[in-house]
Amino acid sequence: MSNPIDTLPPGLGLVLDAEALYGELRKGVRSLCSAQTRLVGITSGGAWLAQRLQNDLQLSGAAGSISSAMHRDDFAKRGLASSGQTALPFDVNGAEIILLDDVLYTGRTIRAVLNELFDYGRPASVQLAVLVDRGGRELPVQADYAAARVTLPAAQQLALARDEAGRFSFKVEGI
C-alpha cells in the first residue's frame, strides 16, 4: 500500500492536489492490473476515476460503474439517486475486479457495493483502490491501494469534483 501523503496534524488546513493524487492512483492501479482486470467505479467519484483510468491505462473494454444505493443501511434516509445506477458492461462471473472510490471513510459504502456486485455474479477477485483513505472505519474494510491517507474530523466531508475538462479537485465541507 502506498502512502504519498501522510496524516496531517490537527489544526492545519487540508490541501490535497487531486490531480497529483490521481497520478499516484494510476501507478498503483497499474501495479494491481492483469490482462483480465476490469475496473468498476463507485458512483460518482469512483466512476469518474474508473473511466479516466480505463483510458489512461489503455485497458480493453469499458469500465463499469456501480451504485451503493440499493444495499445501503441508511437507504431510508438517503433514498435512490437517479444519476448513479449500476452499469457493468462485462460478465462479473470469474472477473478480476478493481473497485475504485474517491474517498474511503467508514467502509459502509464498500459493503453495500460488494452486495450489489454479487447480485450480478461471483467475481474471481475484488481489490479496492481509493484516491484518499480518511480513516474512521466502522467496518473491517481496507484498501489494497490508497494514493493518500489523511485524518479529518467526523464533521468534515471530502468529495471529489470534476471540471468540464475532466480535471479533478477536492471539495472539503464542514470546516
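Located above this text is the structure these notes cover.
Notes on the structure in this doc start here. (Residues numbered from 1 in each chain as written. Predicted model: local features only at pLDDT ≥ 70, side-chain atom pairs only at ≥ 80, totals over all residues. Heavy atoms only, no water.)

**Things to note about the packing of aromatic side chains**
Move 1: Scanning the model with the defined rule gives one aromatic pair in all.
Move 2: One cation-aromatic arrangement involves R52 over Y22; the distance from NZ or CZ to the ring centre is 4.1 Å.
Move 3: The ring of Y105 carries R134 above its face, with NZ or CZ at 3.8 Å from the centroid. (Phe/Tyr/Trp six-rings, centres within 6.5 Å; stacked < 30°, edge-to-face > 60°. Lys NZ or Arg CZ within 6 Å of the ring centre and 35° of its normal.)

**Focus on the pattern of salt bridges**
Move 1: Counting across every chain of the model gives seven salt bridges.
Move 2: For the salt bridge of R52 with E19, the shortest nitrogen-to-oxygen distance reads 2.8 Å. Of this pair, R52 sits in helix α2 (residues 45-56) while E19 sits in helix α1 (residues 18-32); the two residues are 33 residues apart in sequence, bridging distant segments of the chain.
Move 3: Here R167 makes a salt bridge to D163, at a shortest N to O gap of 3.0 Å.
Move 4: Look at R167 and you get partly exposed, because its relative accessible area is 49%.
Move 5: Linked through salt bridges whose partners overlap, the residues forming this network are E19, R52 and D56. (Salt bridge = Lys/Arg side-chain N within 4 Å of Asp/Glu carboxyl O. Helix = DSSP H or I, 4+ residues; strand = E, 2+ residues; numbered from the N terminus. Buried < 20%, exposed > 50% of the residue type's maximum accessible area, 1.4 Å probe, protein only.)

**Some details on the sheet that holds strand β5 (residues 145-149)**
Move 1: Ordered by their spatial adjacency, five strands build an open sheet running β2-β1-β3-β4-β5, and the pairing between neighbours is parallel. Strands with a single pairing partner mark the edges of an open sheet, and in this sheet they are β2 (64-66) and β5. The average undirected angle you get between the axes of adjacent strands in this sheet is 25 degrees.
Move 2: Bridging between strand β3 (residues 96-104) and strand β4 (residues 125-133) involves eight bridges; their strand directions are parallel. Bridging from a neighbouring strand, I98 pairs with Q127 of β4.
Move 3: Across the sheet, α1 touches β1 (37-42), β3, β4 and β5, and the angle it forms with β4 is around 165 degrees.
Move 4: Sitting on the sheet, helix α4 (residues 108-119) is in contact with β1, β2, β3 and β4, with an inclination near 150 degrees to β3. (Pairing = 2+ DSSP bridges. Axes fitted to C-alpha atoms, helices over the stretch in contact; angles between N-to-C directions. Contact = heavy atoms within 4.5 Å.)

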